[in-house]
Structures are given as C-alpha cells and as structure tokens.
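# Close look at the chain arrangement
Here is how the chains run, residue by residue.
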Amino acid sequence: MHEKALLNRALLVLAKNTDVESELLEVERLQYQDPYLDAVVNLKKNSMTQKFVVYVKRQPSVPQLGLLINHFRENRTGSYGIKLLLVADYVSPKLSKFLKENDCDFIDSVGNAYLEFWSVLVYIIGNKRPKVFPGTTLSRAFQPTGLKLIFTLLCNSEDLINRSYRDLSDISGVSLGSVGWIINDLKEAGYLSVGENDKRSWGDKNGLIKRWVIAYSEKLRPKLVLGYYQSLQQNWHESVDIKSFDALWGSEVAADHLTRYLKAEFSTIYTEEQLGKLVLMNGLKEVPDKSSGNVEVLQKFWKFETPENSHLVPPLLIYADLISSGNSRNLETAKLIDRRYLYAAE
C-alpha cells in the first residue's frame, strides 16, 4: 500500500472508531525541514486540536522506530508544539507498549491507536493484523551476507571501498561471488557513488548506517545468539578481562566505556570461541530467554581488528544494539554514540 493511501485509510478507520477528525496540511507551511516526514495533519476531537508530523512506516520494527523517535527528538520538533504520529499497516500490542512508553502517538490500518493530546486520550489495541501485507523485498545487500560486508565497509577507512573484490572478500569473510552483487546493489540504491576510473565513494553513508542498523537487528542478529545467562553478581562485568576469553563487550557495557553516560544493567558479549570457559569461570547460569537473564552471548561475525578500544565491538554495532533494545535510556545513549563516532558530514 502506498504511503498516502495507507495514511488515508488509517485516518478513515480512526474517524469511524473514535470520531477523531483529521485535516491534512501542506508540508511547505512548516518552518523546518525533516527528511523522514511524510505528511502533516491536524487531529481534532470535540474542541481540542493537535498538529502532528507524520511518519508512515508500513511494517515498523523497534529499531526502526527507535531511530525515528531519536531523530524527532534531535530535531527538537516538539518545541514547535507539534507531536509525532506513526502510521503503520499494523501495530502489535508489544509495539504499542513501546510507542506509548516513548510518547509516540500512532494509528494503523486496522484501528489500533494511541493518541494523547490536551484532554483527549485514545488507546485501542488488540485488533488483528491484516491477512496480507503488500510488501517490498529487501535487496540482497540487506540480507545476512550483505550485512556482513556492509559492516566491514562502514567500520573501516573510506579507502577500503575501492579495494578489489578479492580483498573485500578476504577482509570481510564474504564469498568473492557475493561481493560483486552486494556492491552493485549499494550502487543502485545510491549508497555508493562511482566516479572517474570507476572510483567508488559514499553516496549516502548516513542513510546506509540507519538502514544497516534496522536490517541487522531483523535479519542477522537473531541468527547470532549463542545463549542467554544470568549472573548472580551485580556489576560482574567490571572485574572481567573479556579479551582473555577471546570475546568483546557490546551494547550497554561498551556504551558505558565509551560515554560514561550509561550504567550497564544488561551485558552483551560477542565471541568466536567456545562458551565453556567464559560461562564457567564467571559463574553464569543459562536461562531460556533474554527476559530471564542479564547476559547474552552472540557469535562474532567480522574478521577485522579494532585497535582502539580493542576490548569493545566497533561503535556501529554498539549503536545498533542500543537501538534494537528499545530501552529509552539506551536510545538516549545511542544518540551520543551517533554524534561522536558515526555521523559523517556530507
């Protein structure tokens, strides 16, 4: 479903279920620019009216929404008295809880909604997802193999993108045959530009970072989980030499090291070695799922070394894991990581 058609349907369903009226406004009337903005709308119920900037995301995920919420807050759009409205095909009960906790109003095409402005409160959840999603297919670059190569390119100096396909294969661990079509997909999408003598440069590095974060969380990260554990000792990670276990800190622990802004409550470890020594010597007890523990261990998926902060995963991965957590304090810290280590002036 096209964004405009989805927005119109969601507004019609909202009006039918709640008597909330809507008025689409001209985007040009705004006094600020927002590249993610799809529309501007006034919502009205009784005598109460609220202006919203609208982000239409057909099948949103927590990482994607975490990025958008951070972007909205970073732009200080709220200082104009304007709120954020997400419009989606479907918002699950779990996703609705995340949005509500982060003060993000939403409506979807099947009647789920959360709106809070002035004295108006609408909160509807539980309507079932549509039987068919009109979908789009991610390019091969954003499947697991492509994500590994993109990660290697983003975490190293820019001259790496002009190395031979064979070199890129050796450095990333991605097969030689795959490197070519991944690079071509990035060119076609505008993330890579090609100049004289076929020299490659970044076309939209910041956009690629954002898309990688979302695709990594959905496509690659779930395949990397080796186990979840419970540590009985509070702040156990502070006394652990993680490199002695051929492992690296990620997410909250790594973010604490880089920013000193976040006190880690959950430990994320990336390793390419067997877990026995790590688990046994640190008294970690295996648990069935993430919600039952405070430690997760994932398979390391890159081959290059990071000399600076060699006990931590690269900043891009720290950022991605903070965003994918959906935790509001982690989202705030992710903004610091983005500003200090990731943002590329273009």
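Keep in mind that this is a model prediction, so the values were computed, not measured.

Turning to helix α11 (residues 328-342), a few remarks are in order. For α11, built from 15 residues, the straight-helix expectation of 21 Å at 1.5 Å per residue is met to within 8% by its first-to-last C-alpha distance of 20 Å. For α11, the complete set of buried residues consists of Asn330, Leu331, Thr333, Ala334, Lys335, Leu336, Ile337, Asp338 and Leu342. Next to the buried residues of α11 lie α2 (62-74), α3 (93-101), α7 (205-224), α8 (251-259) and α10 (315-325). Capping the start of α11 is the job of one residue whose side-chain oxygen sits 2.9 Å from the backbone nitrogen of Arg329: Asn327.

One open sheet holds the five strands; their spatial order is β11-β12-β14-β10-β13, and the pairing between them is mixed. Edge positions in the open sheet fall to β11 (247-250) and β13 (284-287), since each of these has one partner strand only. Neighbour to neighbour, the strand axes of the sheet diverge by 35° on average, direction disregarded. Where β11 meets strand β12 (residues 267-271), four bridges bridge the pair, whose relative direction is antiparallel. Note on β12: the bridge partner recorded for Leu248 is Tyr270. This element, α8, spans β11 and β12 of the sheet and lies at about 80° to β11.

So, on to a negative patch on the surface. On the surface, Asp246, Glu272, Glu273 and Glu305 cluster together into a negatively charged patch. Mapping Glu305 onto the fold places it in the loop between β14 (295-299) and α10. Classification of Glu305 as exposed rests on a relative accessible area of 66%.

Time to look at the side chain of Lys210. Here Lys210 is to be found in helix α7. For Lys210, the contacting residues outside a window of four places in its chain are Tyr36, Leu67, Tyr319 and Asp338.

What counts and how
- Here the residue numbering is sequential within each chain, running from 1 through the sequence in written order.
- Owing to the predicted nature of the model, reporting of local features is limited to residues with pLDDT of at least 70; listing and counting of side-chain atom pairs is limited to 80 or more, with chain, interface and lining totals taken over all residues.
- Water and hydrogen atoms play no part in the side-chain values, which are based on all heavy atoms of the structure.
- Under the DSSP-based scheme used, a helix requires at least four consecutive residues in state H or I and a strand at least two consecutive residues in state E, with every element numbered from the N terminus.
- Multiplying 1.5 Å by the helix residue count minus one yields the expected span of that helix.
- For each residue, the accessible area found with a 1.4 Å probe, counting protein chains only, is set against the maximum for its type, and the residue is called buried under 20%, exposed over 50%, and partly exposed in between.
- The contact rule is simple, with two residues in contact once any of their heavy atoms fall within 4.5 Å.
- Here a polar contact means two N or O atoms within 3.5 Å. Within protein one must be a hydrogen donor candidate and the other an acceptor candidate, and residues neighboring in sequence count only if both atoms are side-chain atoms.
- When DSSP finds two or more bridges between a pair of strands, those strands are recorded as paired.
- Axes, fitted as lines to C-alpha atoms, cover a helix only where it is in contact. Angles between the N-to-C directions of the axes lie from 0 to 180 degrees.
- Residues form patches when they are more than 30% accessible in relative terms and have no salt bridge. Like charges link within 9 Å. Nonpolar side chains (Val, Leu, Ile, Met, Phe, Trp, Tyr) link within 5 Å.
- Per-residue and other accessible areas follow the Shrake-Rupley method at a 1.4 Å probe size, with only the shown protein chains counted as cover for residues.
- What makes a salt bridge here is a side-chain nitrogen of Lys or Arg within 4 Å of a carboxyl oxygen of Asp or Glu, nothing more.
- Charged residues are defined here as Lys and Arg on the positive side and Asp and Glu on the negative side; His and the ends of the chain fall outside this count.
- Where a charge lies is defined by one atom per residue type, namely NZ (Lys), CZ (Arg), CG (Asp) and CD (Glu).

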